[in-house]
Amino acid sequence: ATWFTNYVVVHHVLVPWLRWSPIGITHFCVFELIVVLAFIAHLRCAFTNPGTLLKGGLKGSEVSTFRRIEYLLGRSACSTRACRRCRSIKPERAHHCSICASCIVRMDHHCPWVNNCVGACNQKYFVLFLVYVLLGEMYAISIFVLRFVFCVKSDTVCYPSHATIPLVLCILAFVLSLFFIAFVTAMLYDQVEAVWENSTYIENLQHFKGEERTFYEGLCEVFGETFSWRWLLPIPVPGITRRAIVEEALAQRPVPLFSPEILAKLREAEEEERLRVAEEAEANGVVNQQAAPARAYSGVVQVP
């Protein structure tokens, strides 16, 4: 839709209207700059690793222990989580994406627009992509409106009667721009809200919120540094790499992996579970023994 709007604005509005005058060239350069930045941000977001964790960092017995702890003691009993599908440590605020089949650090959501997850390493590009698209569509709307006002006030015919295709394309591009402005604004609002509340989209569904912080601190985390000119461009931040972010997240892994207190509580819970199952089995056995004569008697009904 952005490329279609770009085509209509340039070929059917700017060039026929302003030609290659200084004003026309200025509008052309500004609009094309926004489109190019949106395209680069889209590619960056699509092909940048969002913060994928390595798989297979845990043994099968360790994954089994994690599952027993969650089942018997609850998720909050252990300070560390594990992903049974990836067989790896799942740091705090990391989530498993079923589409990417990987755990992502600070995963927000899987975006079909970029065919990639939005996580700790590419959220900056996703936010910039939304901003650029919103600016581009608003710029296109303003050009369409100015062109319409000029045509109404001018005595000249802007579009001859036989030039129906350019007019239809302009109307279609105008409607698409309005739709994308509403759609992108809603998505950008979700991102701003997530930064403000220190909570990703998935965490909102789980009713989880991170530590309280200012909105500026949240933006610094998303963009990887304090405010600078790099915030405005889809370029990586020096020194901020996927490896550094993943290593920082994995630094939460305790040593040893399971504390003696947790293992002692797990043994107690397993013993209680074993006794409970045995009691239920014994009670079911007594009930079955009492029900057996009744079933036998009901099967031998004789008429004298």
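Residues numbered from 1 in each chain as written. Predicted model: local features only at pLDDT ≥ 70, side-chain atom pairs only at ≥ 80, totals over all residues. Heavy atoms only, no water.

S.K.: Any chance you could explain empty space enclosed by the protein here in plain terms?
M.R.: Take a probe with the size of a water molecule and roll it over the atoms, and the empty space left behind shows itself. Following the criterion strictly, the structure yields three cavities of 30 Å³ or more and no others. Taken as a whole, the largest cavity holds about 70 Å³ of empty space. Along its surface, the largest cavity is lined by Arg 93, Arg 106, Asp 108, Gln 123, Ala 194, Val 195, Asn 198, Ser 199, Thr 200, Arg 213, Glu 221 and Val 222. Those elements that provide at least two residues to the lining of the largest cavity are helix 5 (164-197) and helix 7 (215-223). (1 Å grid on protein atoms, 1.4 Å probe; cavity = no way out; pocket = protein on both sides within 12 Å on 5 of 7 lines; lining within 4 Å. Points joined across faces, edges and corners; volume = space filled by probe spheres on them. Helix = DSSP H or I, 4+ residues; strand = E, 2+ residues; numbered from the N terminus.)

S.K.: Please explain a nonpolar patch on the surface as it appears in this structure.
M.R.: On the surface, Trp 3, Val 36, Phe 39, Ile 40, Leu 43 and Phe 47 cluster together to form a nonpolar patch covering roughly 610 Å² of accessible area. Along the chain, Val 36 turns up in helix 2 (residues 22-47). (Patch = residues over 30% accessible without salt bridge, like charges linked within 9 Å, V, L, I, M, F, W, Y side chains within 5 Å. Areas by Shrake-Rupley, 256 points an atom, 1.4 Å probe, with all protein chains shown as cover. Salt bridge = Lys/Arg side-chain N within 4 Å of Asp/Glu carboxyl O.)

S.K.: Mind showing me how you'd approach the packing of aromatic side chains here?
M.R.: Each aromatic ring pair is described using two quantities: the centre-to-centre distance and the angle formed by the ring planes. By the definition in use, this model includes 14 aromatic pairs. Plain terms: the ring middles of Trp 113 and Phe 129 are 5.8 Å apart, the flat faces sit at 85° to each other, and that makes the pair edge-to-face. Taken as a pair, Trp 113 in the loop between strand 5 (109-111) and strand 6 (116-118) and Phe 129 in helix 4 (residues 123-153) lie far apart in primary sequence, 16 residues in all. By relative accessible area, which is 29% here, Trp 113 ends up partly exposed. Judged by its relative accessible area of 8%, Phe 129 is buried. Feature note: the residues Trp 113, Phe 129, Phe 179, Phe 180 and Phe 183 constitute an aromatic cluster, connected by ring pairs. (Phe/Tyr/Trp six-rings, centres within 6.5 Å; stacked < 30°, edge-to-face > 60°. Buried < 20%, exposed > 50% of the residue type's maximum accessible area, 1.4 Å probe, protein only.)

S.K.: For this particular structure, what's the right way to read the nonpolar core?
M.R.: Within the largest apolar cluster, 29 residues are counted, with the highest numbers of intra-cluster contacts made by Phe 126, Leu 130, Tyr 132, Val 184 and Phe 223. Among the elements that line this core, the one with the most residues is helix 4, at 10 residues. The contacts of Tyr 132, once residues within four sequence positions are left out, are Ile 34, Leu 37, Ala 38, Ala 41, Leu 232, Leu 233 and Pro 234. Leu 18, Phe 31, Phe 144 and Leu 169 belong to the second-largest nonpolar core, a separate cluster that totals 14 residues. (Core = buried A, V, L, I, M, F, W, Y, C linked by side-chain atoms within 4.5 Å. Contact = heavy atoms within 4.5 Å.)

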